Amino acid sequence: MHQITIGEGPGPRWGFNGNHEKPTFTPSIRVSWNEPSDIPEEFDDTSKDRQLVCHSFVTDGQIQFLGDCTHSLAGQTVPLPDFE
């Protein structure tokens, strides 16, 4: 799960259509982070942290994962899960 800030104020903000049943956020949401390699250095002297990416649009309650995602949902569109 990724968190974004909507509305006015300091820092990056996203637009929100106000629909809690089928939300749309603009612009796209791109999150990146580093994950340590699971290959020990003694076996691979080029092992380094891997940069992982989740990049998506949320439109009418659907998450469209873009092709630059490094996870298995890249290129797919799925319903936004329910949150309480």
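Residues numbered from 1 in each chain as written. Predicted model: local features only at pLDDT ≥ 70, side-chain atom pairs only at ≥ 80, totals over all residues. Heavy atoms only, no water.

(A) Focus on the overall build of the chain. On a plain count of helices and strands, the chain comes out with zero helices and five strands. Order of helices (α) and strands (β) in the chain, N terminus to C terminus: β-β-β-β-β. Split into buried and exposed, the 84 residues of the chain put 20% on the buried side. Within the chain, residue pairs in contact and separated by at least 24 positions form 22% of the contacts whose partners lie at least 6 positions apart. Element-wise, carbon and sulfur atoms account for 51% of the exposed surface of the chain, whose accessible area totals about 6500 Å². (Helix = DSSP H or I, 4+ residues; strand = E, 2+ residues; numbered from the N terminus. Buried < 20%, exposed > 50% of the residue type's maximum accessible area, 1.4 Å probe, protein only. Contact = heavy atoms within 4.5 Å. Areas by Shrake-Rupley, 256 points an atom, 1.4 Å probe, with all protein chains shown as cover.)

(B) Here's a closer look at the packing of aromatic side chains. With the rule as written, the count across this model stands at one aromatic pair. Measuring from ring centre to ring centre gives 5.3 Å for Phe16 and Phe25, while their planes differ by 15°; the resulting arrangement is stacked. You can call Phe16 partly exposed: its relative accessible area is 29%. (Phe/Tyr/Trp six-rings, centres within 6.5 Å; stacked < 30°, edge-to-face > 60°.)

(C) Geometry of the side chain of Thr24. Note on placement: Thr24 falls in the loop between strand 1 (15-16) and strand 2 (25-35). Within the structure, Thr24 has its side chain in polar contact with the backbone nitrogen of Asp60 (distance 2.8 Å). Look past the residues within four positions of Thr24 in its chain and what remains in contact with it is Gly15, Phe16, Asn17, Val58, Thr59 and Asp60. (Polar contact = N/O pair within 3.5 Å; in protein donor to acceptor, adjacent residues only side chain to side chain.)

(D) Layout of the environment of Cys54. As for its placement among the helices and strands, Cys54 is situated in strand 3 (residues 50-59). Its relative accessible area of 5% is what places Cys54 among the buried residues.

(E) Seen up close, unusual backbone geometry. Along the chain, Thr26 connects to Pro27 via a cis peptide bond; the corresponding omega equals -5°. Relative to the helices and strands, Pro27 is located in strand 2. Residues other than glycine seldom take positive phi values, yet Asp60 does so here, at roughly 50°. Note on placement: Asp60 falls in the loop between strand 3 and strand 4 (62-65).

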